[in-house]
Amino acid sequence: MHDAETIRLASANFLSKFTFWWIRPLLVLGYKRELQATDLPKMDPTRESGYLADKFEINFEKRRKAVEDWNRALDDGIYKPTALVRARWRLNEMLGFGRRDGRRNVGLALALSDTFFWEFWSAGIFKVLADAAQVTSPLVMRQIIRQTQKAWAAKQAGQPLPPVNPAVGAAIGLFLMQIWVSYFQANTFARSGQVGVQARAALIASLCMSTRRRGPRETCI
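Engineer: I'm lost on unusual backbone geometry in this one. Help?
Structural biologist: What you tend to see is this: most non-glycine residues have negative phi, and most peptide bonds are trans. Phi at F20 takes a positive value of approximately 60°, unusual for a residue other than glycine. Along the chain, F20 falls in the loop between α1 (14-19) and α2 (24-32).

Engineer: Help me out: how do you make sense of the side chain of S206 in this one?
Structural biologist: You can see S206 is positioned in helix α7 (residues 165-213). Judged by relative accessible area, S206 falls into the buried class, the value being 8%. Only 3.0 Å separates the side chain of S206 from the side chain of E57, close enough to count as a polar contact. Sequence-distant contacts of S206, that is, excluding residues within four places in its chain, are made with A53, F56 and E57.

Engineer: Sorry, what's going on with the nonpolar core here?
Structural biologist: For soluble globular proteins, the rule of thumb is that nonpolar side chains tend to be buried together. Counting residues in hydrophobic clusters, the biggest one holds seven residues: A133, V140, I144, A170, L174, M177 and V181. Put simply, the parts of the chain that give this core at least two residues each are α6 (117-156) and α7. Take this core: its biggest share by element is four residues, from α7. Setting aside anything within four residues of it in sequence, one finds L174 in contact with S137, V140, M141 and I144. L52, F116, V195 and A202 belong to the second largest nonpolar core, which has five residues in total.

Engineer: Explanation requested: the layout of surface pockets in the structure shown.
Structural biologist: The method is simple in principle: a probe with the dimensions of a water molecule rolls over the atoms, and the space it marks as empty is what remains. The calculated volume of the largest pocket comes to roughly 370 Å³. Lining the largest pocket are 20 residues, with K17, R47, E119, Q194 and Q198 sitting closest to its centre. Among the elements of the structure, α3 (49-76), α6 and α7 are those that each provide at least two residues to the lining of the largest pocket. Taken together, the residues of the lining of the largest pocket break down into nine nonpolar, five polar and six charged.

Engineer: Could you clarify how one ought to interpret a nonpolar patch on the surface in this entry?
Structural biologist: A cluster of nonpolar side chains, contributed by F14, F117, W118, F120, W121, I125, L129 and W180, occupies part of the molecular surface with about 870 Å² of accessible area. A per-element tally of the nonpolar patch places α6 first, with six residues.

Engineer: So what exactly am I meant to see when it comes to α6 here?
Structural biologist: Structurally, the α-helix is built with 3.6 residues per turn, so residues lying three or four positions apart point the same way. Spanning 40 residues, α6 covers 59 Å between terminal C-alpha atoms, matching the ideal 58 Å at 1.5 Å per step. Directly after α6, the chain includes G158, whose backbone phi takes a positive value near 75°.

Engineer: What is the right way to look at the environment of A153 in this model?
Structural biologist: Considering the arrangement of structural elements, one finds A153 in helix α6. Separated by 38 residues in the primary sequence, A153 and T115 place their C-alpha atoms 60 Å from one another.

What counts, and at which threshold
Residues numbered from 1 in each chain as written. Predicted model: local features only at pLDDT ≥ 70, side-chain atom pairs only at ≥ 80, totals over all residues. Heavy atoms only, no water. Helix = DSSP H or I, 4+ residues; strand = E, 2+ residues; numbered from the N terminus. Buried < 20%, exposed > 50% of the residue type's maximum accessible area, 1.4 Å probe, protein only. Polar contact = N/O pair within 3.5 Å; in protein donor to acceptor, adjacent residues only side chain to side chain. Contact = heavy atoms within 4.5 Å. Core = buried A, V, L, I, M, F, W, Y, C linked by side-chain atoms within 4.5 Å. 1 Å grid on protein atoms, 1.4 Å probe; cavity = no way out; pocket = protein on both sides within 12 Å on 5 of 7 lines; lining within 4 Å. Points joined across faces, edges and corners; volume = space filled by probe spheres on them. Nonpolar A, V, L, I, M, F, W, Y, C, P; charged D, E, K, R; others polar. Patch = residues over 30% accessible without salt bridge, like charges linked within 9 Å, V, L, I, M, F, W, Y side chains within 5 Å. Areas by Shrake-Rupley, 256 points an atom, 1.4 Å probe, with all protein chains shown as cover. Salt bridge = Lys/Arg side-chain N within 4 Å of Asp/Glu carboxyl O. Expected span 1.5 Å × (residues − 1).

If you want it as structure tokens, here you go:
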């Protein structure tokens, strides 16, 4: 595996990633013959568990320090919240998003967001764009139906038929919207899956390194 080719995803441009063109050589090879273990590419250094764990721990320490500074400012009276802020804290407690006293807890979610920021949030952006096209496609279909009804009514009345350009344009637009939905949904699943695997690797590697620091008797499984 050390002599294997580095995964093409690491050097692919945005268009290649968006269209999944970077994986085409591997798919073509798999079509021609059964893939072997030596055919699989190796991960680039930025996707290795050790690198991801180090990056995650740095982000977690930043978040932990920010939370501790915030809680210390509340305890020392450096920050004095207004009545509106206290009301928002009470509302957040009712909704399960925070505490009444405004104190914060150290969590993993924001540190993971910092570690995989673009990969994670781009999947969400693609999901929103795909849903927007999917939701609005019935509106385009309605315009096509209306144009068809107008043409039928004009024919029945013996009047000149309306121009077909709006219907043709709407049909082409509907076709492009379906392609849009397909590509954006595929990118959503691909990016979210990649982030899930990498986040799992980062957390396990970070836990292993933390366990090893406790002493030579500790082992990581």
